[in-house]
Amino acid sequence: MAKKKRSFPPAAKRGARVLILGSLPGEASLAKNEYYAFPRNAFWEIAGTLFGFPPDAPYAARIEALTDAGAALWDVVGAGTRDGSLDSGIRDVEPNDVPALLEEFPGIEKILCNGGAAHRLLKKHFPELFARKNLAVFLLPSTSPAAARLSREEKLARWRAALLA
């Protein structure tokens with residue numbers, strides 16, 4: 001039987017303009033209690049390039065740099081069951097209260113969904129967010145190595161385009 005897994009609290013500061021949403025932390029992330037801890041996940045490399053910090057800095061420094069740059073980080077799924085780390089295995093979803101986070105940080109004008117599962121789950125649980133005039137929601141290629149259709153360079157280019165949009 002799949003074990004219930006919980007996401008982390010949001011990483012956000014006053015002045016946040018962008019919310020990056022994943023689906024639910026994978027096994028490596030849960031074991032280390034860190035967002036995107038799996039070494040082959042390209043998230044920190046891409047975020048470091050886009051927001052101007054070393055992707056190999058200590059975790060606390062990466063979170064600090066990301067939030068100082070105006071980005072917030074969270075997951076759509078607050079709790080759910082899943083064997084392993086694949087998004088396709090997520091069941092029994094209890095969503096995080098994304099609308100409440102947006103109220104707490106009213107400067108957020110973009111949501112960047114890290115992969116199809118995050119986007120699909122956001123649309124399923126909070127369809128009203130997609131109709132907001134002052135909020136743009138982007139489906140971006142997953143930074144997971146399981147999403148191997150695009151190279152890291154192609155993923156970076158699509159993430160950069162969404163940030164600049």
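The text that follows walks through the structure, step by step, so that each part is easy to find. (Residues numbered from 1 in each chain as written. Predicted model: local features only at pLDDT ≥ 70, side-chain atom pairs only at ≥ 80, totals over all residues. Heavy atoms only, no water.)

## Some points on the layout of surface pockets
Estimates place the volume of the largest pocket at around 620 Å³. As for the largest pocket, its lining consists of 30 residues, of which Asn41, Ser85, Asp87, Ser142 and Ser144 are closest to the centre. Listing elements by their share of the lining of the largest pocket, those giving two or more residues are helix H1 (27-32), helix H5 (116-125) and strand E7 (136-140). (1 Å grid on protein atoms, 1.4 Å probe; cavity = no way out; pocket = protein on both sides within 12 Å on 5 of 7 lines; lining within 4 Å. Points joined across faces, edges and corners; volume = space filled by probe spheres on them. Helix = DSSP H or I, 4+ residues; strand = E, 2+ residues; numbered from the N terminus.)

## Observations concerning the sheet that holds strand E6 (residues 110-114)
The 4 strands are arranged E3-E2-E6-E7 in an open sheet whose pairing can be described as parallel. With partners counted over all chains shown, the strands left at the sheet margins are strand E3 (71-75) and E7, one partner each. Geometrically, the sheet is characterised by an average inter-axis angle of 20 degrees between neighbouring strands, direction not taken into account. Relative to E7, E6 runs parallel, the two sharing 5 bridges. Its bridge partner lying in E7, asparagine 114 is registered against leucine 140. (Pairing = 2+ DSSP bridges. Axes fitted to C-alpha atoms, helices over the stretch in contact; angles between N-to-C directions.)

## What to know about helix H2 (residues 43-51)
Within H2, 7 of the 9 residues are buried, which leaves the element mostly enclosed by the surrounding structure. Burial in H2 covers these residues: Phe43, Trp44, Ile46, Ala47, Gly48, Leu50 and Phe51. Lining the buried residues of H2 we find strand E2 (18-22), helix H3 (59-68), E3, E6 and helix H6 (152-164). After H2 finishes, the residue glycine 52 shows a positive phi value of roughly 75 degrees. (Buried < 20%, exposed > 50% of the residue type's maximum accessible area, 1.4 Å probe, protein only. Contact = heavy atoms within 4.5 Å.)

## Some words on the side chain of lysine 5
Structurally, the position occupied by lysine 5 is in strand E1 (residues 4-6). Judged by its relative accessible area of 8%, lysine 5 falls in the buried class. Contacts of lysine 5, omitting those with residues within four sequence positions, involve Leu24, Glu27, Leu30, Gly78, Ala79, Gly80, Arg82, Asp83 and Gly84.

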